[in-house]
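Residue strings, one per chain:
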Amino acid sequence: MEKLKRRWGITSNYDLVIIFIVFAINGSLSAKISSYLMNLLNINQENTHWFFYYLILIVLVLPLYPFLLMFFGYLFGQSKFFFPFSKKMLRGIGLGFIFKDKKN
């Protein structure tokens, strides 16, 4: 755990536990919200080929996950950790234009 704390720049075990809790809540909730949105669009495993079902699910989860991560990170007081983490994730999936870098 010490190696992980050093890598993430965390000093206390309390912060590490809070970060793990945020990741757990966020992962579960983003999957639930995406599943709910798919049900609203009447996309389910019975009427959609499994490949397209999971492709649509991933397309819904990927942009939702970092935004929820920032929200829950803020709620749990860990925004210093989660905001840069989420920005990096959004840039990785091609949505980096949302956060414009300030260049002099």
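Residues numbered from 1 in each chain as written. Predicted model: local features only at pLDDT ≥ 70, side-chain atom pairs only at ≥ 80, totals over all residues. Heavy atoms only, no water.

## What about the overall build of the protein?
Counting secondary structure elements, the protein contains four helices and zero strands. Mapped from its N terminus to its C terminus, the protein presents α and β elements in the order α-α-α-α. For 104 residues, the compact-globule estimate of 2.2 N^0.38 gives 13 Å, and the protein exceeds it by more than 25% at 16 Å. With the C-alpha coordinates aligned to their principal axes, the bounding extent of the protein is approximately 50 × 40 × 25 Å. For the protein, with 104 residues in total, the buried portion stands at 27%. Long-range pairs, those at least 24 residues apart, make up 51% of the contacts in the protein with a sequence separation of at least 6. Surface exposure of the protein reaches about 7600 Å², of which carbon and sulfur atoms provide 65%. (Helix = DSSP H or I, 4+ residues; strand = E, 2+ residues; numbered from the N terminus. Rg over C-alpha atoms; globule rule 2.2 N^0.38 Å. Buried < 20%, exposed > 50% of the residue type's maximum accessible area, 1.4 Å probe, protein only. Contact = heavy atoms within 4.5 Å. Areas by Shrake-Rupley, 256 points an atom, 1.4 Å probe, with all protein chains shown as cover.)

## Some details on the packing of helix α2 (residues 13-40) against helix α4 (residues 79-92)
It is at 11 Å that the axes of α2 and α4 come closest, and there the two elements cross at 45°. Relative to α4, the element α2 is oriented oblique. Classified by chirality, the crossing of α4 by α2 is right-handed. Every residue of α4 that contacts α2 at I19, V22 and F23 is listed here: F81, F82 and F85. Of the residues that constitute the contact of α2 with α4, the class distribution is six nonpolar, no polar and no charged. (Axes fitted to C-alpha atoms, helices over the stretch in contact; angles between N-to-C directions. Parallel < 35°, antiparallel > 145°, perpendicular 65-115°, else oblique. Left-handed = near helix turned anticlockwise from the far one by under 90°. Nonpolar A, V, L, I, M, F, W, Y, C, P; charged D, E, K, R; others polar.)

## Here's the deal with the nonpolar core
Core analysis: the biggest nonpolar cluster contains twelve residues, these being I10, L16, I18, I19, V22, F23, Y65, L68, L69, F72, F81 and F82. For this core, the secondary-structure elements that each account for two or more residues are α2, α3 (50-75) and α4. Among the elements that line this core, the one with the most residues is α2, at five residues. Dropping the residues within four chain positions of it, Y65 is found in contact with F23, N26, G27, S30 and M89. (Core = buried A, V, L, I, M, F, W, Y, C linked by side-chain atoms within 4.5 Å.)

## Some remarks on the pattern of salt bridges
Per the stated rule, a full pass over the model turns up one salt bridge. For K5, the salt bridge goes to E2, with nearest N and O atoms at 3.3 Å. Of the two residues, K5 and E2 both sit in helix α1 (residues 2-8), three residues apart, roughly one turn of that helix. Residue classification places E2 among the partly exposed positions, given a relative accessible area of 48%. (Salt bridge = Lys/Arg side-chain N within 4 Å of Asp/Glu carboxyl O.)

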